[in-house]
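Commentary on secondary and tertiary structure
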Amino acid sequence: VQLQASGGGLVQAGGSLRLSCSASGRARSSYGMGWFRQAPGEARDFVAAFTWDTGNSKYADSVKDRFTISGDRVQKTVYLQMNNLKPEDTAIYLCAAQVDAYGTLRNHSSYYSYWGEGTLVTVSS
């Protein structure tokens, strides 16, 4: 499974961005998809998770009510709509795939087997 994230950029506080993560290869509907982020010198943090087969989602408290994760099964693409961005959202955002999630939403990176290269999001104050 190959993952390609895109959509990052520079935005002012209060603005919006939509990230995309395209999956290719053996991506299956049983997979779970996740977004994580990592700021310079910081640990990798969970942002949101989504499962193709149930459409359910889960969010970190820090982004709840601001971010929305969704997926297009035909296009094998997962999106992260980010609204009301804050300077503390600045980080490299990475998408990841969890094999055979079967509807289970995971917030720890150790459950994810495949990772794409990140896309940088910078929020200015």
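The preceding data block contains the structure.
Described below are features of the structure shown in this document. Note that the coordinates shown come from a computational prediction; the quantities given were computed from them, not determined experimentally.

**A closer look at the nonpolar core**
Trp35, Leu80, Met82 and Tyr93 are the most contacted members of the largest nonpolar core, which totals 36 residues. Among the secondary structure elements, those contributing two or more residues to this core are strand 1 (2-6), strand 3 (17-24), strand 4 (32-38), strand 5 (44-51), strand 7 (67-72), strand 8 (77-82), strand 9 (91-98) and strand 11 (119-124).

**Overview of the sheet that holds strand 7**
Strand order across the open sheet formed by 4 strands is 1-3-8-7, with antiparallel pairing between neighbours. Every other strand in the sheet has two partners, leaving strand 1 and strand 7 as the edge strands with one partner each. The average undirected angle you get between the axes of adjacent strands in this sheet is 15 degrees. As judged from the 6 bridges shared by strand 7 and strand 8, these two strands associate in the antiparallel manner. Residue pairing for strand 8: Phe67 is matched across the bridge by Met82.

**Topic: the pairing of strand 4**
With 6 of 7 residues buried, strand 4 lies mostly within the body of the structure. By the bridge criterion, 7 bridges tie strand 4 to strand 5 in an arrangement that is antiparallel. Of the residues in strand 5, the one forming a bridge with Arg37 is Asp45. The antiparallel pairing of strand 4 with strand 5 creates a hairpin that spans 5 residues between the two strands, and Gly41 there sits at a positive phi of about 75 degrees. One ladder, built from 7 bridges, connects strand 4 with strand 9; its direction is antiparallel. Across the sheet, residue Gly32 finds its bridge partner in strand 9, namely Gln98.

Definitions and limits used
Residues numbered from 1 in each chain as written. Predicted model: local features only at pLDDT ≥ 70, side-chain atom pairs only at ≥ 80, totals over all residues. Heavy atoms only, no water. Core = buried A, V, L, I, M, F, W, Y, C linked by side-chain atoms within 4.5 Å. Buried < 20%, exposed > 50% of the residue type's maximum accessible area, 1.4 Å probe, protein only. Helix = DSSP H or I, 4+ residues; strand = E, 2+ residues; numbered from the N terminus. Pairing = 2+ DSSP bridges. Axes fitted to C-alpha atoms, helices over the stretch in contact; angles between N-to-C directions.

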